[in-house]
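Geometric and topological summary
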2 protein chains.
Amino acid sequence: MAPGLSASPPAVLLLLSLLGLAAAGKLLVVPADGSHWLSMRELLNMLQQKGHEVVVVAPEVTLHIKPSKNFVMKMYPVPYTQEDLKKQFQAFFHFSFEQGSFLERFVKAYHGIKRITYLGVSSCGHLLQNKELIRYLEESKFDAVLTDPVLLCGAILAKHLSLPSVYFLRGIPCGLDFDATQCPRPPSYVPRGFTQFTDHMTFFQRVKNLLHDIPDIFLCDFAFEPYSKLASEFLQQDVAVQDLLRQASVWLMRSDFVLEYPRPLMPNIIPIGGVNCAHKELPQEFEAMVNASGEHGIVVFSLGSMVSEIPMKKAMEIAEGLGAVPQTVLWRYTGKAPPNLPKNVKLVKWLPQNDLLAHPKTRAFITHGGSHGVYEGICNAVPMVLMPLFGDQMDNAKRVESRGAGLTLNILEMTSTDISNALKAVINDKKYKENIQRLSDLHLDRPIHPLDLAVHWVEFVMRHKGAPHLRPAAHDLNWVQYHSLDVIAFLAAVTLLFLFISFKCCLCCCCRCCCKKGRTGKATKAKSH
Amino acid sequence: MAPGLSASPPAVLLLLSLLGLAAAGKLLVVPADGSHWLSMRELLNMLQQKGHEVVVVAPEVTLHIKPSKNFVMKMYPVPYTQEDLKKQFQAFFHFSFEQGSFLERFVKAYHGIKRITYLGVSSCGHLLQNKELIRYLEESKFDAVLTDPVLLCGAILAKHLSLPSVYFLRGIPCGLDFDATQCPRPPSYVPRGFTQFTDHMTFFQRVKNLLHDIPDIFLCDFAFEPYSKLASEFLQQDVAVQDLLRQASVWLMRSDFVLEYPRPLMPNIIPIGGVNCAHKELPQEFEAMVNASGEHGIVVFSLGSMVSEIPMKKAMEIAEGLGAVPQTVLWRYTGKAPPNLPKNVKLVKWLPQNDLLAHPKTRAFITHGGSHGVYEGICNAVPMVLMPLFGDQMDNAKRVESRGAGLTLNILEMTSTDISNALKAVINDKKYKENIQRLSDLHLDRPIHPLDLAVHWVEFVMRHKGAPHLRPAAHDLNWVQYHSLDVIAFLAAVTLLFLFISFKCCLCCCCRCCCKKGRTGKATKAKSH
């Protein structure tokens, strides 16, 4: 055998690929804005480099989605302004810093998400009504749709254009992704989202975890049902949310089992956690800052691209806490600088987070626990102090903490001492570095980089017009059939019938015996007389 | 970004690997004999080429396991001869050609498997009693064990040596592999082994599929329980079959969803179907035979490496059937040549099956439906005529047939006309070639060759002393907890208690109301008097 050659793709394909002659495709991309866009953009850049034509459809008003030389950008007008958009997001993120009872905070979060959802739905409605753009899409002969299903507009377009789709996502709340992929998730060891449970639960945690499925059935309706209405109107047929979700050929999930708890997967779920960890060169100014930090090194601090400002009182508390460590802290912050900013803290409007984390002088990472940041922390083996704000960040923080690779602080209750203590602990207590190093080693030891894997599966769906061989037959069963309830009912009925007939037969036999005995007894008695 | 570099393993590792300097490990291999060995051998060759020291432990008497320059072979004496071994296997395979009622055939199969199991258990017992060899293994400081868990001797050694293990397998009967990996398999769409159902079942097939789990609970005991006894004696502790199976870090499953029906997988189950499809060069004599076949091309015919002879009557029927097609048939057969052998049929003692199937002149493949052969048929896009004999071969044949890529014949009932008709159909009806080509295209379009994937995961387990991050917490739950039956019982009790108290309260209120009314009524009555 010549394994070097044999165990690789056919030589002809390899040659074509190297020459850039492998069949190039045309991909329609309907992204979600915000941090979701950032890792998807990396994938689009790779796809463009492989010779594919990438067309991104996005509203004219966005937070992060901007035109690029790497793809064709098709923008459509929406009835809100950049100011409206920023205001809604700022209001939403601001509530993370507000004290209040659970109910108050829940209601605020609900209204915040509802307002942001409204913007998404409004944007989608304007896209679907934009006849010129829709005609262009219909005439463009795409091979597939790549979309983030946290907004269902891409799924509606895929259905309208009869195109296979690839979903690129972190997850969908309320277990909608599990339902849509028909992926089992036993409540006994698969913790539900937003519970902050690990995979090892106490009895009462398991009770709560199971009960968590009940509100899930309708809790996300307010965020997803409007798309069902839009789709039904646009496609002129009844379309449920699950109809839109289930059509995906492949689900590229930004998760990895060094962070997630091991659980079943379906064959068309491809974990690509760490897809965002590709390195660029560190800009000179940052290299200089890091080198100037001396033997103590640096701490990287960012609450994510979506949080621009935090309340001044909180900012001052944080500044005080950061002042108590000998490390230089690079803090990405666009708000007003707190007046007590210590000398060792440098405020920057933007920082190359992943490349800074990769620097050997980086000692710790203070993060809000967004999945991108957490995976960058893992890729670069930097222990974390987590200050989760909303969404899946509490769960991410819990996962890092349960692995002994970081410490979580409650952003509302933490004091400056808590911050400095946590920071000192993750920097000075060796176990945090050892644990994150172990996770990092496991995470990076993979047969193929997650970005290459994502490219492969998008190309696969483009080449084969889907991935029907990965679609489980469970999609063709209703809920009763899937859970074999009809079979169980049938078997129970047969068993009961059998028992009933057996009982009746026994009764009959006993009766006959008794009667016979009775008669014989009587006869004997009569005879004896 | 510089994706070419960034999206690849760290440059240093790559360099070390290219220079052959990456940390080499020491692997203990405990293989299963027969066709199982053939694909595992390919993996061992690759591991040796990557610089690892491979030690294979096998009995002195084997069918296919032979020493090689690529690994150290440690053989141990067993109390049976080569003749005994061959006789038992021949007797077992011979029964496939014998007519009889279902019960007769079942009993024969049971006794056949029991006799073969006895040989395996006897061999394992002699290995464990071989103090010198065990001492050598204890002192050898292996990094991991690679074994085929269809025989549990490797698993016992892994437990004794406290080594992480990788299982390399097609599957284990009676769903033992699903239980051991805690992999869900809803009976509504995951057909059980030996049922020949597809993933789309009728109601009564679903009933049968669900009921199939009941005999499975104890049906395989006779083949696996003896290992539990051996392990308990050797390890001086109670060891159940599932204790041995569950310790595996990674399960390399020789399956792929172009053949298997899509179903849930656990993170430590790595599908490597097609691992045996690496090509070598076709030997000159076979190249000459193929070229001499003219425009009609050839048919490759083999009933597998384990079947050496078939009854003469059956052989003559087959020969007659093969004579009716214009193709040259290369028939791998070691038995006595049938006297009616047609001119177009060439009997050979051995044939390079995969490389012949890869030849563009190959029109069809007649196979017993063993998983190796079926995957070779898929890799090379050759339509198949399947003559399943035993084990998973009936299921494999059904899978190929349900994909429209081949036709199945009943080896007991088929006539020479059936054979020639089936052969003509798969060769001349274009749909068979189109379907197998589609399966082949999907199967070969993968980000990494299954052999490289298998090598990666063996090395991963060697490097990290296991893969604990892929072990689901389900292993730490008992059956009641896993299915949340305790939680459901608790919730039901709470609900009933709540209803009971509510009912009692209502009753109490009603009573009081009635009493009051009664008293008021009486008082009114009394007053009115």
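Note that residues are indexed from 1 along each chain, following the sequence as it is written. Written order determines the labels here, with chains lettered from A and ligands numbered from 1. Side-chain atom pairs in this predicted model are given and counted only at pLDDT of 80 or more, local residue features only at pLDDT of at least 70, and totals for whole chains, interfaces and linings cover all residues. No hydrogens and no water enter the side-chain calculation; it runs on all heavy atoms of the structure.

When the parts of a complex come together, some accessible area is lost, and that lost area is often used as the size of the interface. In this analysis, two residues are considered to be in contact whenever any of their non-hydrogen atoms come within 4.5 Å of each other. On the chain A side, the residues contacting the 62 residues of chain B number 62 residues. What gets called buried area is simply the loss in accessible area from a 1.4 Å probe that two parts show on being joined, summed for both. Contact between chain B and chain A buries roughly 5400 Å² in total, counting both sides, with carbon and sulfur atoms accounting for 70%. Any Lys or Arg side-chain nitrogen found within 4 Å of a carboxyl oxygen on Asp or Glu counts as a salt bridge. For the pair chain B and chain A, the interface holds four salt bridges. Between R463 of chain A and D445 of chain B there is a salt bridge, with its nearest N and O atoms 2.7 Å apart. The term polar contact refers here to a pair of N or O atoms within 3.5 Å; inside protein, the definition further demands a hydrogen-donor-capable atom paired with an acceptor-capable atom, and it admits residues adjacent in sequence only when both atoms are side-chain atoms. At the junction of chain B and chain A, the tally comes to 13 residue pairs in polar contact (both at pLDDT 80 or more). Of all the elements in the fold, those that place two or more residues in the side of chain B that touches chain A are α1 (3-6), α3 (35-49), α9 (203-211), α19 (430-444), α20 (450-464), α21 (479-482) and α22 (485-528) of chain B. Numbering goes from the N terminus for both helices and strands, where a helix is a DSSP run of H or I of at least four residues and a strand is a run of E of at least two.

With that settled, the discussion passes to the domain arrangement of chain A. Residues and elements named next belong to chain A. Domain start and end points were adopted from an automatic or database domain assignment. Assigned domains within chain A: domain 1 (23-277 + 449-476) and domain 2 (284-444). Here domain 1 and domain 2 have C-alpha centroids that lie 28 Å from each other. Listed per partner, the contact involves 38 residues of domain 1 and 33 residues of domain 2. Contact with domain 2 buries surface across domain 1, with F97, V258 and L259 losing the most and accounting together for 26% of the total. Linking domain 1 with domain 2 are two salt bridges.

So, on to the state of the cysteines. A pair of cysteine sulfur atoms is labelled a disulfide when the two atoms are within 2.5 Å. For the structure shown, the criterion picks out six disulfides over all chains. Disulfide pairing places C174 of chain A opposite C220 of chain A at an S-S distance of 1.9 Å. Taking the sign of the torsion about the S-S bond as the criterion, the disulfide between C174 of chain A and C220 of chain A, at about 70°, is right-handed. Linking C174 of chain A in the loop between β5 (165-169) and α8 (176-181) with C220 of chain A in the loop between α10 (213-219) and α11 (221-235), this pair joins segments that are 46 residues apart in sequence. Unpaired in terms of disulfides, C505 of chain B finds its nearest cysteine sulfur in C509 of chain B, a separation of 6.5 Å. Look at C505 of chain B and you get partly exposed, because its relative accessible area is 45%. Lacking any disulfide linkage, C510 of chain B is separated from the closest cysteine sulfur, that of C514 of chain B, by 6.3 Å. On the accessibility criterion, C510 of chain B (47% relative accessible area) is partly exposed. Residue exposure (1.4 Å probe, protein chains only): buried if accessible area is under 20% of the type maximum, exposed if over 50%, otherwise partly exposed.

With that settled, consider the side chain of Q393 of chain B. Looking at the secondary structure, you find Q393 of chain B in helix α17 (residues 393-402). For Q393 of chain B, the contacting residues outside a window of four places in its chain are H368, G369, G370 and P388 of chain B.

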